[in-house]
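# Working through the structure, step by step
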Amino acid sequence: MRPPIIEKTASDLRLPPNWPASEQPGPFFWTTEAAALAGLPGGGLNLAYEAVDRHARGDRAEHIALRLLDGEGGSRDISYAQLSALSNRFANVLRGLGVAPGARLFILCERGLELFLGVLGGLKNGCVVSPLFSAFGPEPIATRLRLGEGSILLTSETLYRRKVAGIRAELPALRHVLVHGQRADERVAHGCLDLQSLMAQADETFSIARTRADSPSLLHFTSGTTGMPKGALHVHGAALTHYVTGKYALDLHPEDIYWCSADPGWVTGTSYGILAPLLLGVTSIVDSAEFDAERWYSILEQQRVSVWYTAPTAIRLLMKAGVALAQRHRFPDLRFIASVGEPLNAEAVWWGKEVLGLPIHDNWWQTETGGIMIANLLAWPIKPGSMGKPLPGVEAAIIEHREDGTLRFLAAGKVGELALKQPWPAMFRAYLGQEERYRRCFAGNWYLSGDLARRDADGYYWFVGRGDDVIKSAGHLIGPFEVESVLMEHPAVAEAAVVGKPEPLLGELVKAFVALKDGYQPSAALHDELLGHARKRLGAAVAPKELEFQAQLPHTRSGKLMRRLLKARELGLPEGDTSTLENPR
Ligand code: ATP
Ligand code: MG
């Protein structure tokens, strides 16, 4: 049996952690931290200025901001000074087109330089920037552009041709489309502007729009795990949350080589793929290619990545690929691994420790929170399976929100809704076009996350399930995560998803869907063995009554299990919004 706590040893703490284990945040935590931000010369606050120009004007000007990998073994380095100049050029392109502050700029780009220039230059020009998954098909792109009233789109020639040209007529509000990556001998696609030639003519200096902490900055669509994606609007003041969480939750130090492997279409890809590392002045690895276990291990090794931020879905894929592959590589520079997006099974935390030499640090946040809120910090002991403790400056609680609108704060051990005391710098300020829904997220001073969790006596938080995913069976409240984690303990199981299936006697019956690791085949014996294992570990009331093998479980493009889809398919109901589904069938 593995111990319930992983204590940190000297080999885990190769650099002094930014947040020492015993430290407590003082009453002026946020004010003190805010001193690290410069503010715009002459007043105001702009995320891109803080992320790039602050360094470009200081002693990190020549430090590498981005190392762009082209997927074929080549790479290109961009310094903070270059990133500042190039994003200024892009901002000048926008200004030259008459794009006013507040205009909505959508970005449909692969992970590459243009994505960074679009986000940073857009923010400098005061635009509200909305990055989209480049793997989206035309329909989800059109829906988001319409909902977000996008007036400018930055995309690549290939993506334009494949995905946008056909829907352009449906988007009358879209005034400008900037395309990059055209071959010199090609004509500019009809109705588009060639980014390269506009950039070449644009000036390298730019007077940043006078944005303030409460000016809108980014528009992020949620993952659509539980329904139609919602557009969450963020502000420039979020810079402080990104800075603080990059420093403490990711423990970024000045000489780190950092890799965030999330897609830019997902909030993690922007908050922690673009902004937080730049705010801390570190070097980011930017990989344009898709997931491939061997390639990813090679990146970690060859690029000497020291801090890696990833997601459970990627970790499960690496686990599935087998230990032997990992053991062909060495990771002497890697000193911190974090994960977000879904519950991280204890198995995965231990796999990190045993195979990569470091435990994986789970953390929790949402599109709505804009940044990490609950985390396992480097210096803190890990309880595998727990998402950690509230970050310094964050106040969390487990509450019961009663029908009459009052709140009851629940004691340690009790399951309730995870709530955060508002405000914090990166809190979302609206759900686009859904004012009432936004209001319903708050009760008094508290933001209600919609996730169920419990806190233990040591203050660690344990994820139970999304409000919508929790199963009510014979009077028990069953969190799918607990059941899935137990199934994952079995050596044959690569991934499990558990849903409630209506049943007259129990109310809901626990049904498990299981994908097997490479080398295992579904069989009646394995079916019974898995049910038996779950019953032994969980007891008959909580263990699944039904189990079905599937070659692959459905995920969102940000890698989350779509339990609602499994349930709808099981019940023969409409599948609902599937715009964020990976590999739609
Ligand atoms: P939608 O709101 O459209 O259904 P979504 O909630 O998946 O989609 P995101 O904002 O990308 O959209 O994801 C946030 C959610 O992801 C959290 O509310 C939580 O349910 C889940 N999550 C994130 N991190 C963790 C974690 N460390 N452990 C458990 N769940 C997590
Ligand atoms: Mg959500």
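Because the structure is predicted, anything quoted here is derived from the model rather than measured. (Residues numbered from 1 in each chain as written. Chains lettered and ligands numbered in written order. Predicted model: local features only at pLDDT ≥ 70, side-chain atom pairs only at ≥ 80, totals over all residues. Heavy atoms only, no water.)

### Considerations on the environment of proline 41
Mapping proline 41 onto the fold places it in the loop between helix 1 (29-34) and helix 2 (47-56). Overall, proline 41 belongs to the partly exposed group, its relative accessible area being 45%. Residues proline 41 and arginine 210, 169 residues apart in the sequence, show an inter-C-alpha distance of 9.6 Å. Beyond its immediate sequence surroundings of up to four residues, proline 41 is in contact with Tyr49, Arg57 and Arg210. (Helix = DSSP H or I, 4+ residues; strand = E, 2+ residues; numbered from the N terminus. Buried < 20%, exposed > 50% of the residue type's maximum accessible area, 1.4 Å probe, protein only. Contact = heavy atoms within 4.5 Å.)

### A look at the UniProt feature "domain: AMP-binding enzyme C-terminal" (unreviewed entry) in the protein
As annotated by UniProt and renumbered to match this structure, "domain: AMP-binding enzyme C-terminal" (unreviewed entry) occupies residues 482-560. Along residues 482-560, the helical share is 28% and the strand share 32%, with 16 Å between the first and last C-alpha atoms. (UniProt positions renumbered as here; feature names shortened; annotations may be inferred.)

### Re the site of ligand 1
If you check the shell around ligand 1, you find 23 residues, and the closest are Thr222, Thr225, Thr226, Asn363 and Thr367. At 2.3 Å, a side-chain N or O of threonine 226 approaches an oxygen atom of ligand 1. In this structure, a nitrogen atom belonging to ligand 1 sits 2.8 Å away from a side-chain N or O atom of aspartate 362. Secondary-structure elements contributing two or more residues to the shell around ligand 1 are strand 14 (360-364) and strand 23 (461-466). For the shell around ligand 1, the leading source of residues is strand 14, giving 3 residues. Of the residues in the shell around ligand 1, the class split is 7 nonpolar, 9 polar and 7 charged. (Near = heavy atom within 4 Å. Polar contact = N/O pair within 3.5 Å; in protein donor to acceptor, adjacent residues only side chain to side chain. Nonpolar A, V, L, I, M, F, W, Y, C, P; charged D, E, K, R; others polar.)

### Notes on the sheet that holds strand 11 (residues 283-287)
Pairing between the strands of a sheet comes from backbone hydrogen bonds, and it takes one of two forms, parallel or antiparallel. Pairing in this open sheet of 9 strands is mixed, and the strands run 2-1-11-10-12-13-14-15-16 from one edge to the other. Both edges of this open sheet fall to strand 2 (75-79) and strand 16 (389-390), since each of them pairs with a single strand only. Where strand 10 (residues 257-260) meets strand 12 (residues 307-310), 3 bridges bridge the pair, whose relative direction is parallel. If you follow tyrosine 258 over to strand 12, its bridge partner there is valine 307. Of the strands in this sheet, strand 1 (64-69), strand 10, strand 11 and strand 12 are in contact with helix 10 (residues 293-302), which crosses strand 11 at around 160°. Strands strand 12, strand 13 (336-339) and strand 14 of the sheet are contacted by helix 11 (residues 312-321), whose axis makes an angle of about 100° with strand 12. (Pairing = 2+ DSSP bridges. Axes fitted to C-alpha atoms, helices over the stretch in contact; angles between N-to-C directions.)

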